[in-house]
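Coordinate inspection notes
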Amino acid sequence: MSNMSNKSGSAPQLGGVYAWWVWALAVTFVVYLFSVQTGYAIVNASVQKAVGLSVTQVATLAATYTWVFALFQFYGGALLDQLGSRKVLPASIALVTLGVFIFANAKSFEMLLLSQAILAIGSCTGFVGAGYLGGQWFGMAKFSFMFGLVQVVAALTSAVSQNAIVAGLKQTTYPVLFNYVGAFGVGLFVLGVLFIRNPTPVAGAKHQGVTAFFIAVTRNLFDVAKIGHVWMASIVGAALFGVLLALGVVWAPKLLMVRGASESAAALGSSLLWLGLALGSAIVPWWSDRIRARKLPIILGTLVQFVALAALVYVPNLGSATDLTLCFIIGFANASHMLAFSTVADVVEPAQIGTSAAIVNGIMFIVGGIMIARPGVRVDRAIELGIEKGSMDLAQYAALPLIVALAVALVVALATKETYPAERAKA
């Protein structure tokens, strides 16, 4: 029996209609926050002009979001494990919506920093929360596939939303546009309060007292953090996703324009990164389960991304079509970072899934913040050294940290162990 309203007290059906509805609301939240986050790649030029920001301040705003997100991310997953989605996700939606409204109406760099901090705190349970609910409502055997679907929807919508924001900015200003985005968040918050929950009560939610609660959360974090494989998988996933985040949020359009693309083609290239990630996220986790392996897909994805990005940075005169194709390939290959969540979930207890996913995601965004900020720092340094603005020499100098990150990821991926569960491999 599908159960769209489990208020009657009967147990909800895993994988049923209500399960899909709760999962869809969680994914809509991810879409909402991803659209705001990746939309910054489009509106940062407008914000820079309106508020009078330097290039360094533009990059600092993106990096601030990433670093605050990463800091709170570690506790976000543990909170889901301890409190469940009903108490955590609606509050997160409310914070993101507040951050959107502040961003839309900010008149200073300081207010923009505040908006990014609030957005980040609210966002810290979004992506992990949707993956967590996939495991809760559809079973751990489908965790990897359902998490991949979260990324499919999020990345696909991010690509579409970037073009929608470009179209919207032709009709109105970014403050008006983002006030409408905030209004959507209000509606999503109401639906979250009404419907988001776990299929069964969360044992950790019964802890009495703030001290006992935070002791339980911290203990859970340390238990997961003691597993060496968690850190190795996190390093690989962080390097991969950090590169994509840097390209998709700030640097891909700038790199493509240096290579001769128009402003609209450069925006399309950024969208193709997310479209590639969407398609790859539908295929790579499925392929991993199909071949009963985590390590091989991660290694191949890392290698392909390294080669494609190196071509985009170091090989001139490939033509606009080839440049855009490389953006798509980078995004597709980057989907292998989703297996960092899968391989870590393979080695922890079921009650630690949220915590493990949050640790991986948190490290991803710490590295992502570095990947976003470092090219900007190197641009300023290159100009001081006399490297010509708008030149490929400048682009290559700025992009070196991204190339190095992928090389490190490949080395670490080769050193990791295979974790696909033996009981599933025999099935």
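Structural data are supplied above this passage.
Residues numbered from 1 in each chain as written. Predicted model: local features only at pLDDT ≥ 70, side-chain atom pairs only at ≥ 80, totals over all residues. Heavy atoms only, no water.

Some remarks on the overall build of the chain
When helices and strands are tallied, the chain shows 16 helices and zero strands. In summary, the chain has a C-alpha radius of gyration of 21 Å against a globular reference of 22 Å for 427 residues, a match within 12%. Dimensions along the principal axes, computed over C-alpha positions, put the chain at roughly 65 × 50 × 40 Å. The burial tally for the chain puts 56% of its 427 residues in the buried class. Taking as baseline every contact in the chain between residues at least 6 positions apart, the subset at least 24 positions apart corresponds to 82%. Just so you have it, the chain exposes about 16800 Å², and 68% of that area is on carbon and sulfur atoms. With 24 positive and 14 negative side-chain charges, the chain shows a spacing of 9 Å between the two charge centroids. (Helix = DSSP H or I, 4+ residues; strand = E, 2+ residues; numbered from the N terminus. Rg over C-alpha atoms; globule rule 2.2 N^0.38 Å. Buried < 20%, exposed > 50% of the residue type's maximum accessible area, 1.4 Å probe, protein only. Contact = heavy atoms within 4.5 Å. Areas by Shrake-Rupley, 256 points an atom, 1.4 Å probe, with all protein chains shown as cover. Lys, Arg positive; Asp, Glu negative; His and termini not counted. Charge placed at Lys NZ, Arg CZ, Asp CG, Glu CD.)

Observations concerning helix α14 (residues 353-384)
Across its 32 residues, α14 extends 47 Å between first and last C-alpha, which sits within 8% of the 46 Å expected from 1.5 Å per residue. Where α14 terminates, the next one or two residues include G386, which has phi positive at roughly 95°. (Expected span 1.5 Å × (residues − 1).)

Some details on the layout of surface pockets
The volume enclosed by the second largest pocket comes to roughly 430 Å³. Together, 19 residues line the second largest pocket, and W251, K254, V258, V379 and L394 are the ones closest to its centre. Put simply, the parts of the chain that give the lining of the second largest pocket at least two residues each are α9 (228-258), α11 (295-314), α14 and α15 (392-415). Taken together, the residues that form the lining of the second largest pocket break down as 15 nonpolar, one polar and three charged. (1 Å grid on protein atoms, 1.4 Å probe; cavity = no way out; pocket = protein on both sides within 12 Å on 5 of 7 lines; lining within 4 Å. Points joined across faces, edges and corners; volume = space filled by probe spheres on them. Nonpolar A, V, L, I, M, F, W, Y, C, P; charged D, E, K, R; others polar.)

Structural notes on the packing of aromatic side chains
The final tally for this structure, using the stated rule, is 12 aromatic pairs. Ring plane angle 65° and centroid distance 5.7 Å describe the contact between F127 and F341, whose orientation is recorded as edge-to-face. With F127 in helix α5 (residues 126-138) and F341 in helix α13 (residues 338-345), this residue pair connects regions lying 214 residues apart in the sequence. Residue classification places F341 among the buried positions, given a relative accessible area of 2%. Every member of this aromatic cluster is reached through a ring pair, and the members are F34, F127, F143, F147 and F341. When the ring centre of Y397 is taken as origin, the NZ or CZ atom of R378, which lies over that ring, is 4.0 Å away. (Phe/Tyr/Trp six-rings, centres within 6.5 Å; stacked < 30°, edge-to-face > 60°. Lys NZ or Arg CZ within 6 Å of the ring centre and 35° of its normal.)

As for empty space enclosed by the protein
To locate leftover empty space, one rolls a probe as large as a water molecule over the atoms. Here the structure, examined in full by the defined rule, presents five cavities of 30 Å³ or more. When its volume is computed, the largest cavity comes out at roughly 140 Å³. Broken down by secondary-structure element, the contributors of at least two residues to the lining of the largest cavity are α1 (17-51), α2 (55-83) and α4 (109-123). Among the elements that take part in the lining of the largest cavity, α1 stands out by supplying five residues, more than any other. By residue class, the composition of the lining of the largest cavity is 10 nonpolar, four polar and no charged.

Regarding the environment of V17
Mapped onto the fold, V17 is located in helix α1. With a relative accessible area of 38%, V17 lands in the partly exposed category. Once the C-alpha coordinates of V17 and A94 are considered, the two residues, 77 residues apart in sequence, prove to be 25 Å apart.

Re unusual backbone geometry
With glycine set apart, most residues show a phi of negative sign, and most peptide bonds adopt trans. A positive phi angle is found at R292, which is not glycine, with a value near 55°. Along the chain, R292 turns up in the loop between α10 (263-291) and α11. Positive phi outside glycine occurs at N317, with the angle close to 55°. For N317, the location among the structural elements is in the loop between α11 and α12 (320-334).

Here we look at the pattern of salt bridges
Inspection of the entire model under this criterion finds four salt bridges. Ionic pairing is found between K226 and D223, a salt bridge with its closest N-O pair at 3.7 Å. A relative accessible area of 31% places D223 in the partly exposed class. A salt bridge links D323 to R259; its shortest N-O distance comes to 3.0 Å. Linking D323 in helix α12 with R259 in the loop between α9 and α10, this pair joins segments that are 64 residues apart in sequence. Both residues of the pair, D323 and R259, belong to the buried class. Within the structure, one salt-bridge network assembled from shared partners comprises D289, R294 and D346. (Salt bridge = Lys/Arg side-chain N within 4 Å of Asp/Glu carboxyl O.)

What about the packing of α10 against α11?
Direction vectors running N to C along α10 and α11 enclose 140°, while the axes themselves pass 9 Å from each other. The angle between α10 and α11 falls in the class oblique. Where α10 approaches α11, its residues V284, W287, S288 and I291 are matched on the opposing element by L296, P297 and L300. Tallied by class, the residues present in the contact of α10 with α11 amount to six nonpolar, one polar and no charged. (Axes fitted to C-alpha atoms, helices over the stretch in contact; angles between N-to-C directions. Parallel < 35°, antiparallel > 145°, perpendicular 65-115°, else oblique.)

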